[in-house]
Amino acid sequence: QVQLVESGGGLVQAGGSLRLSCAASGSIFSISTLGWYRQAPGKQRELVADITRDGWTNYADSVKGRFTISRDNAKNTVYLQMNSLKPEDTAVYYCHLNGRLPAAYYYWGQGTQITVSA
């Protein structure tokens, strides 16, 4: 069983920065793809960014150039550095871990609120 614990959420003014962290338990972190998703009120959950076991990254168009995802396999932690935050970035942000053992697996964190004030 894998547990994902997010931290770093909060309230920030537009133009500000925050860094989210997600610490994972278990031994499958280094072979997994890690991602950050978000869900705003009344909207579907959407992918913000993800990073593969080999370090390949992928970003939603809305955050390219502003957000950076990274991982530290020694610490079983994935990060999301968020710069130039906008009010439309306001959402609950979720950490996600997935892979194949060969059986597919995925886990979600509990979510952390990010509120960006205008």
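In this text the structure is predicted, and so the values were computed from the model without any measurement. (Residues numbered from 1 in each chain as written. Predicted model: local features only at pLDDT ≥ 70, side-chain atom pairs only at ≥ 80, totals over all residues. Heavy atoms only, no water.)

Trainee: Sorry if this is basic, but what is going on with the environment of Ser117 here?
Mentor: Mapped onto the fold, Ser117 is located in strand β11 (residues 112–117). Sequence separation of Ser117 and Ser7 is 110 residues, and the distance between their C-alpha atoms is 19 Å. (Helix = DSSP H or I, 4+ residues; strand = E, 2+ residues; numbered from the N terminus.)

Trainee: Please explain the pairing of strand β4 (residues 33–39) as it appears in this structure.
Mentor: Where a strand is regular, its side chains alternate between the two sheet faces. Within β4, five of the seven residues are buried, which leaves the element mostly enclosed by the surrounding structure. Sheet analysis places β4 next to strand β9 (residues 91–100), joined by seven bridges and oriented antiparallel. If you follow Trp36 over to β9, its bridge partner there is Cys95. Strand direction decides the pairing type here: β4 and strand β5 (residues 46–51), joined by five bridges, are antiparallel. Within β5, the residue paired with Tyr37 across the bridge is Leu47. Linking β4 to β5, which pair antiparallel, is a turn of six residues; within it Gly42 sits at a positive phi near 80°. (Buried < 20%, exposed > 50% of the residue type's maximum accessible area, 1.4 Å probe, protein only. Pairing = 2+ DSSP bridges.)

Trainee: Is there a simple way to think about the packing of aromatic side chains in this case?
Mentor: Aromatic ring pairs are described here by two measures, namely the spacing of the ring centres and the angle between the planes. With the rule as written, the count across this model stands at three aromatic pairs. With a centroid separation of 6.4 Å and an interplanar angle of 45°, the aromatic rings of Tyr105 and Tyr107 are classed as tilted. Aromatic ring contacts, followed pair by pair, group Tyr37, Tyr94 and Trp108 into a single cluster. Sitting above the plane of the Trp108 ring, Arg45 keeps its charged end 4.6 Å from the centroid. Between Arg71 and the ring centre of Phe29, over which it is positioned, the NZ or CZ distance is 5.1 Å. (Phe/Tyr/Trp six-rings, centres within 6.5 Å; stacked < 30°, edge-to-face > 60°. Lys NZ or Arg CZ within 6 Å of the ring centre and 35° of its normal.)

Trainee: So what exactly am I meant to see when it comes to the state of the cysteines here?
Mentor: Every disulfide links exactly two cysteines, by a covalent bond between their sulfur atoms. Considering all chains together, one arrives at one disulfide under this definition. One disulfide bridge connects Cys22 with Cys95, the sulfur atoms lying 2.1 Å from each other. Sign of the S-S torsion, about -85° for the bond between Cys22 and Cys95, identifies this disulfide as left-handed. Taken together, the positions of Cys22 in strand β3 (residues 18–24) and Cys95 in strand β9 put the pair 73 residues apart, joining distant regions of the chain. (Disulfide = S-S within 2.5 Å.)

Trainee: Would you mind going over the pattern of salt bridges with me for this structure?
Mentor: When charged atoms on two side chains of opposite charge get close, those side chains can pair. All told, the structure shown has four salt bridges when counted by the stated rule. We note a salt bridge from Asp89 to Arg38, for which the minimum N-O separation is 2.9 Å. Residue Asp89 is located in the loop between β8 (77–82) and β9, and its partner Arg38 is located in strand β4; the two are separated by 51 residues in the primary sequence. On the basis of relative accessible area, Asp89 is assigned to the buried category, the value being 0%. A salt bridge links Lys64 to Asp61, with the shortest nitrogen-to-oxygen separation between them at 3.1 Å. Through salt bridges with shared partners, a single ionic network connects Arg38, Glu46, Arg66 and Asp89. (Salt bridge = Lys/Arg side-chain N within 4 Å of Asp/Glu carboxyl O.)

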